[in-house]
Amino acid sequence: MRLHVGLDDTDSANGGCTTYIAARLVDRLLGVDAHFTDYPNIIRLNPNIPYKTRGNAAVALRLEIPDEMYDSVRHIILDEIEREGRIGDENADPAAVFLKGNPPRSVREIARRALCEVVPVADAIRIIIASRAEAVSYGSRLGLVGALAAVGHTLNEDHTFELVAYRRRENCGSRRGVDEESVKRMNLITYPGTFNNYDQRNRRVLITPHGPDPVLLGIRGESPQVVREAFQMLTMREPIERWVVFRTNHATEAHFEAAKGNQVGLNIPVIVSGKVDDLPQRTIGGHAFFHIQTKQGRFTCAAYEPTGGLRDTIMHLIPDDQVTVFGGTPGRHGLTINLEKLEVLSLAKYIILRNPQCPRCGKGLKSAGKEKGFKCQRCALVFRKQQKTRVIRARKLMPGLYLPDLKAHRHLTKPLNRYDQERIWDGKPPLEKWHSP
Ligand SMILES: [Zn+2]
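Not measured: the values here are computed from a predicted model. Just so you know, the residues in each chain are numbered from 1, in the order the chain's sequence is written. Only residues with pLDDT of 70 or above have their local features reported here, since the model is predicted, and side-chain atom pairs are shown and tallied only from 80 upward, although totals for entire chains, interfaces and linings are computed over all residues. In computing side-chain values, all of the structure's heavy atoms are included and hydrogens and water are not.

## Overview of the packing of aromatic side chains
Aromatic rings from Phe, Tyr and Trp, with only the six-membered ring used for Trp, were paired whenever their centres fell within 6.5 Å, and each pair was classed as stacked if the ring planes differed by under 30 degrees, edge-to-face if by over 60, and tilted otherwise. Within the structure shown, the criterion is met by 10 aromatic pairs. Between tyrosine 70 and phenylalanine 98, the ring centres sit 6.3 Å apart and the planes meet at 80°, which makes this aromatic pair edge-to-face. Here tyrosine 70 is found in helix α2 (residues 70-84), whereas its partner phenylalanine 98 is found in strand β5 (residues 95-100), with 28 residues between them in sequence. When its relative accessible area of 1% is taken as the criterion, phenylalanine 98 is described as buried. Seen from their ring centres, phenylalanine 289 and tyrosine 304 are 6.0 Å apart, and the 90° between their planes marks the pair as edge-to-face. Of this pair, phenylalanine 289 sits in strand β15 (residues 288-294) while tyrosine 304 sits in the loop between β16 (297-303) and α9 (309-315), and the two are 15 residues apart along the sequence. Numbered from the N terminus, helices here are DSSP runs of H or I no shorter than four residues, and strands are runs of E no shorter than two. When accessible area is computed with a 1.4 Å probe and restricted to protein chains, residues below 20% of their type maximum are described as buried, those above 50% as exposed, and intermediate ones as partly exposed.

In structure tokens, the structure reads:
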């Protein structure tokens, strides 16, 4: 039988990681001759959900097993969650969903919604019952939404790959032993086949996370082959416990794809077009803000300090520029749109009004008072009929697409090198080597 297994919410701030459980399950399930019909999937869901600690990731395992193996497979998976799932930690509400056969339309639809809405748990439970799936949750039932969404999001369209390598338990919490020079070299050789390895502008390694979790590094790329080659180019200063190649919706903008046509609301991805309504402001903390007037109303748009160069772009906007903003409304400041991407559609003319020049000596005139014309101090003359002159300034901005610095990219942010690289999945099971021996 075909079996789709969704896992969610096994991480907490104290470490643990849903993908690590998946990686351990790869070994255990291959050990009982379960057949993987796909790479394990990492599905990033709506990044604006308020109660999520980290990247809102869920995992799906897609298997072909003999019917009589169902109970033992289910037992292995639940056993692994109970061992590694941080049950009892705050914000960790592990859940698993088991679906026999391929996901029906209702499950695929809830997967789409989970990318761009806050899906109520009750909706997930209703679909689980209707589709005769089996669900297990520990703690609150919040994890059921992500687990079901992972089952339904089969990544048939655009997708990328990530090789994730894990640390030995005794090293978790210490500085990650990945040689920075080797990351730069690997990036030079494999980019754009791999991406988001290194932020040149901020001189920062991006493949290693910083928390206490067991992830040593993750290399993102366009194919399983290229992420594996890139991995072999790295110099390590600590042993690797295991590694797995995942298929993911990272860097695909799946959340904006799903949110197309949505109204602006709280805790969701937002795409909205309109006119810049005021001159952008920069705060002492380095954040940049402007307002946009749209058919749906007037909204504050924010580019926070970590977005780096995106703030400079914003500071060059002027009123009446036409833009499309892509962002999210995590709700910490009401309906403020936190920018993830900016498209400048067209630029307004930048006109400034200048005092006229003295017709006699050519020096700039000064105002002689409200509606009293202009005076020349050198010639000691007043010119009552002179008007201000309109000067068109050059713009320091071009129409086009603008993204934050690499270090500020969300998991779903599509880097510029991925435009026109989108691909359809061929549905074939993984053939080449995709996990550690
Ligand atoms: Zn003069």
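## A short note on the nonpolar core
Nine residue types can take part in a nonpolar core, namely buried Ala, Val, Leu, Ile, Met, Phe, Trp, Tyr and Cys, and a core is a set of them joined through side-chain atoms within 4.5 Å. If you look at the biggest cluster of nonpolar residues, it comprises 57 residues, and the most contacted ones within it are Leu7, Leu29, Ile77, Phe98 and Leu217. With sequence-adjacent residues up to four places away left out, leucine 7 is seen in contact with Thr18, Ile21, Leu25, Ala58, Val59, Ile77, Ile81, Ala95, Ala96 and Ala147. Throughout, a contact is declared for two residues whenever any of their heavy atoms are within 4.5 Å.

## Some words on the coordination of the zinc ion
For Na, K and Ca the donor cutoff is 3.2 Å, while for all other metals N, O and S atoms count as donors only within 2.8 Å; water does not appear among the atoms, so some sites may look incomplete. Note on the zinc ion: its protein donors are Cys358 (SG), Cys361 (SG), Cys376 (SG) and Cys379 (SG). The metal-donor distances range over 2.2 to 2.4 Å. Any site counts as irregular unless it has four donors with all angles between 85 and 135 degrees, making it tetrahedral, or four or six donors with opposite ones more than 155 degrees apart and the rest between 65 and 115, making it square planar or octahedral. Relative to the metal, the 4 donor atoms surrounding the zinc ion lie at angles of 104 to 120°, and the coordination shape comes out tetrahedral. In the primary sequence, the donor residues of the zinc ion line up as C-x2-C-x14-C-x2-C. On the basis of relative accessibility, which here comes to 3%, the residue cysteine 358 falls in the buried class. What makes cysteine 361 partly exposed here is its relative accessible area of 29%.

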